[in-house]
Amino acid sequence: MQRILVTGGAGFIGSNFVHYVMEHTGFRVVVLDKLTYAGNLASLAGLPADRVEFVRGDVCDAALVDALVARVDAVVHYAAESHNDNSLTDPSPFLQTNLVGTYTLIEAARRHGRRYHHISTDEVYGDLALDEAARFTEDTPYNPSSPYSSTKAGSDLLVRAWVRSFGLAATISNCSNNYGPYQHVEKFIPRQITNVLDGVRPKLYGAGANVRDWIHANDHSAAVLAILADGVVGETYLIGADGERNNRDVVELILALMGEPADAYDLVADRPGHDLRYAIDSTKLRTELGWAPAYADFESGLAATIDWYRGHEGWWRPQKAATEAQYAGLGR
Ligand code: NAD
Ligand code: DAU
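Calculation notes
Residues numbered from 1 in each chain as written. Chains lettered and ligands numbered in written order. Predicted model: local features only at pLDDT ≥ 70, side-chain atom pairs only at ≥ 80, totals over all residues. Heavy atoms only, no water. Helix = DSSP H or I, 4+ residues; strand = E, 2+ residues; numbered from the N terminus. Buried < 20%, exposed > 50% of the residue type's maximum accessible area, 1.4 Å probe, protein only. Contact = heavy atoms within 4.5 Å. Areas by Shrake-Rupley, 256 points an atom, 1.4 Å probe, with all protein chains shown as cover. Lys, Arg positive; Asp, Glu negative; His and termini not counted. Charge placed at Lys NZ, Arg CZ, Asp CG, Glu CD. Pairing = 2+ DSSP bridges. Axes fitted to C-alpha atoms, helices over the stretch in contact; angles between N-to-C directions. Near = heavy atom within 4 Å. Polar contact = N/O pair within 3.5 Å; in protein donor to acceptor, adjacent residues only side chain to side chain. Parallel < 35°, antiparallel > 145°, perpendicular 65-115°, else oblique. Left-handed = near helix turned anticlockwise from the far one by under 90°. Nonpolar A, V, L, I, M, F, W, Y, C, P; charged D, E, K, R; others polar.

**Things to note about the overall build of the protein chain**
- Within the protein chain one finds 11 helices and 13 strands.
- With respect to the three principal axes, the spread of C-alpha positions in the protein chain is 55 × 45 × 40 Å.
- When burial is assessed residue by residue, the protein chain has 57% of its 332 residues classed as buried.
- Excluding contacts between residues fewer than 6 apart, the proportion of contacts in the protein chain whose partners are at least 24 apart in sequence is 81%.
- Counting only carbon and sulfur atoms, one obtains 51% of the accessible surface of the protein chain, whose full area is about 12900 Å².
- On the protein chain, the mean spot of the 29 positive side-chain charges and the mean spot of the 42 negative ones are 5 Å from each other.

**Let's talk about the sheet that holds strand β3 (residues 52-56)**
- Spatial strand order, β3-β2-β1-β4-β5-β6-β11: seven strands in an open sheet with parallel pairing. Each edge of the sheet is formed by a strand with only one pairing partner; in this case those strands are β3 and β11 (236-239). Averaged over all neighbouring strand pairs, the angle between strand axes comes to 20 degrees, with direction disregarded.
- Looking at chain direction, strand β6 (residues 170-175) and β11 are connected through four bridges and run parallel. Paired with N174 across the two strands is L238, which belongs to β11.
- On the sheet, helix α4 (residues 92-112) packs against β1 (3-7), β4 (74-77) and β5 (115-121) and is oriented at approximately 160 degrees with respect to β5.
- Seen against the sheet, helix α5 (residues 147-166) touches β5, β6 and β11 and runs at an angle of roughly 155 degrees to β5.

**Examining the site of ligand 1**
- What surrounds ligand 1 is a group of 28 residues, the closest being I13, D33, S82, Y148 and K152.
- In the model, a nitrogen atom of ligand 1 is placed 3.0 Å from a nitrogen or oxygen of the K34 main chain.
- One of the backbone nitrogen or oxygen atoms of T36 is found 3.0 Å away from an oxygen atom of ligand 1.
- Contact with the protein chains hides 96% of the accessible area of ligand 1, taken as 840 Å² for the molecule alone.
- Only α1 (12-24), β5 and α5 provide two or more residues apiece to the shell around ligand 1.
- Broken down by element, the shell around ligand 1 gets its largest block of residues, three residues, from β5.

**Quick look at the packing of α1 against helix α7 (residues 217-230)**
- Where α1 contacts α7, the axes come no closer than 9 Å and their chain directions differ by 65 degrees. Taken as axis vectors, α1 and α7 run roughly perpendicular relative to one another. Relative to α7, α1 is oriented so that their crossing is right-handed. Residue-level inspection shows F12, I13, N16, F17, Y20 and V21 of α1 in contact with α7, the latter providing A217, N218, H220, S221, A222, V224 and L225.
- In terms of residue class, the contact of α1 with α7 is made up of nine nonpolar, four polar and no charged.

**Digging into unusual backbone geometry**
- Even without glycine at this site, L35 takes up a positive phi of about 55 degrees.
- For L35, the location among the structural elements is in the loop between β2 (28-33) and β3.
- At Y182, a residue that is not glycine, the phi angle is positive and equals roughly 70 degrees.
- Position of Y182 among the secondary structure elements: in the loop between β7 (178-179) and α6 (188-197).

**Describing the side chain of N40**
- Mapped onto the secondary structure, N40 falls in the loop between β2 and β3.
- Here A42 takes part through its backbone nitrogen, which lies 3.0 Å from a polar atom of the side chain of N40.
- In contact with N40, other than residues within four places in its own chain, are A10, L35, W315 and Q319.

**Quick notes on the site of ligand 2**
- Within the structure, ligand 2 sits among 25 residues, and T121, D122, Y148, R271 and H274 are positioned closest to it.
- Here T121 contributes a side-chain N or O atom positioned 2.7 Å from an oxygen atom of ligand 2.
- In isolation ligand 2 has 700 Å² of accessible area, and contact with the protein removes 95% of it.
- Looking at the shell around ligand 2, the elements with two or more residues in it are α6 and β8 (203-205).
- Tallied by class, residues from the shell around ligand 2 come to seven nonpolar, 10 polar and eight charged.

Structure representation (C-alpha cells):
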C-alpha cells in the first residue's frame, strides 16, 4: 500500500491519524475534507508537503470522490458529522454526510476495486446499564439511540451489504471515546479543559454518572493501521483500551490536574436520550491482530492533553465563544 485517501483528515481523529501515518509508515496521504465547523487545516500544519495532499471537498460529491479514489490504493473513511448534541438539534447533515457520504465512497471503492476501511463508533450498539459487567463485542446487536449513532449504524450496514452483494474489500472498526490533541472544544474533555483555562466551571450533564470508555487517538490510529495491514475483509473489529470512567471522575481528574478544587463543577441539564454506559471488549483485535494500547495510563494521557490545550490556545480559541453560546441556548 502506497497511497491512502483519508476522508475527514482535518477533523480530530482523522488529523491524528495523518500525523501517525507520517511518523510510523512511508505511505502518502490524500486528505478529502469539507472543512465544516469541525474541520481545521491548522491540525495538519507542519506535515511533509511531498507526502500529504489536501483536497477541500464533500464526500457526497460523486465525481470528486470517484477521481480521488481512482488515484489511491485504499480509503479510510473518517469524515462524518460526529457530535450527538448537534444531531439532536438538526439531524439533516448527519443523514447526508454519514449515509449518503458513505454510499458515495463505497460505490467509488467498488468501481475501482479499492480496499476500504470504515471508521465507526461503539454507539451503534446503544448503551449498557451502569451496574452490569457486560461489554460490547462484535456480536452485540445494533441498537443506536441518537440521530448521530443511528446514521453511523446505517453507514456500517451499507458497508456490510456492499461486502456481501458486491465483494467490496472492506473492514469496519467501532471505537470507543477518543481523547487527545486537535479535538473540537464542543466535546466533553476539551470543553472542560478550556473552560477551566477560561476560569469557567466545568459542566456535567445530569448527575455525571454516565460512563465512557476512553482511548487515546494514537491508539485508535495504531489499531486502524493494524486492520489495514492484517484485517480480514468483511470483518468488524472493536477498538477499546479498557478506559471506563464516569464523567464526574473525569471532571474531577481534570480539576485536580489543573490545580482546582475537586468540586468546582456545575451539574447542568441532561442530554435527551443520553446513553448510560459504553464499554468495549477488544479481545478480537488484540488476539487476532496483536494490537495493544500504548497509552494504558489515562491520567498521564489526560495530563498531556491538558498541556496540549494550554500550549495551543491559538488553535481552539476561535471556536470557543460560538460553541459556548450554542450550549447556553440548550441550557447545557
Ligand atoms: P470531527 O467532527 O472532529 O471531524 C469530522 C471531519 O469530517 C471534519 O474535519 C469535517 O470537516 C469533515 N467532514 C464533515 N462532513 C464532511 C463531508 N460531507 N465531506 C467531507 N468532509 C466532511 O470527528 P471525529 O471525532 O474526528 O470523528 C471522526 C470519525 O470517527 C467519525 O466517523 C466518527 O463517527 C468516528 N468516531 C469518533 C469517535 C470519537 O470519540 N470522537 C469515536 C469512535 C468513532
Ligand atoms: O463512543 C464514541 C463516541 O464518542 C463517538 O462516536 C462520538 O463521535 C463522540 O462525540 C463521542 O460521543 P459522546 O456523546 O460520548 O461524546 P461527548 O464528548 O459529547 O460526551 C462525552 C460524555 O460527556 C457524555 O456522557 C456526555 C457528557 N458531557 C458532554 C459535554 C459536552 C457532559 O457531561 N458535559 C459536557 O459539557
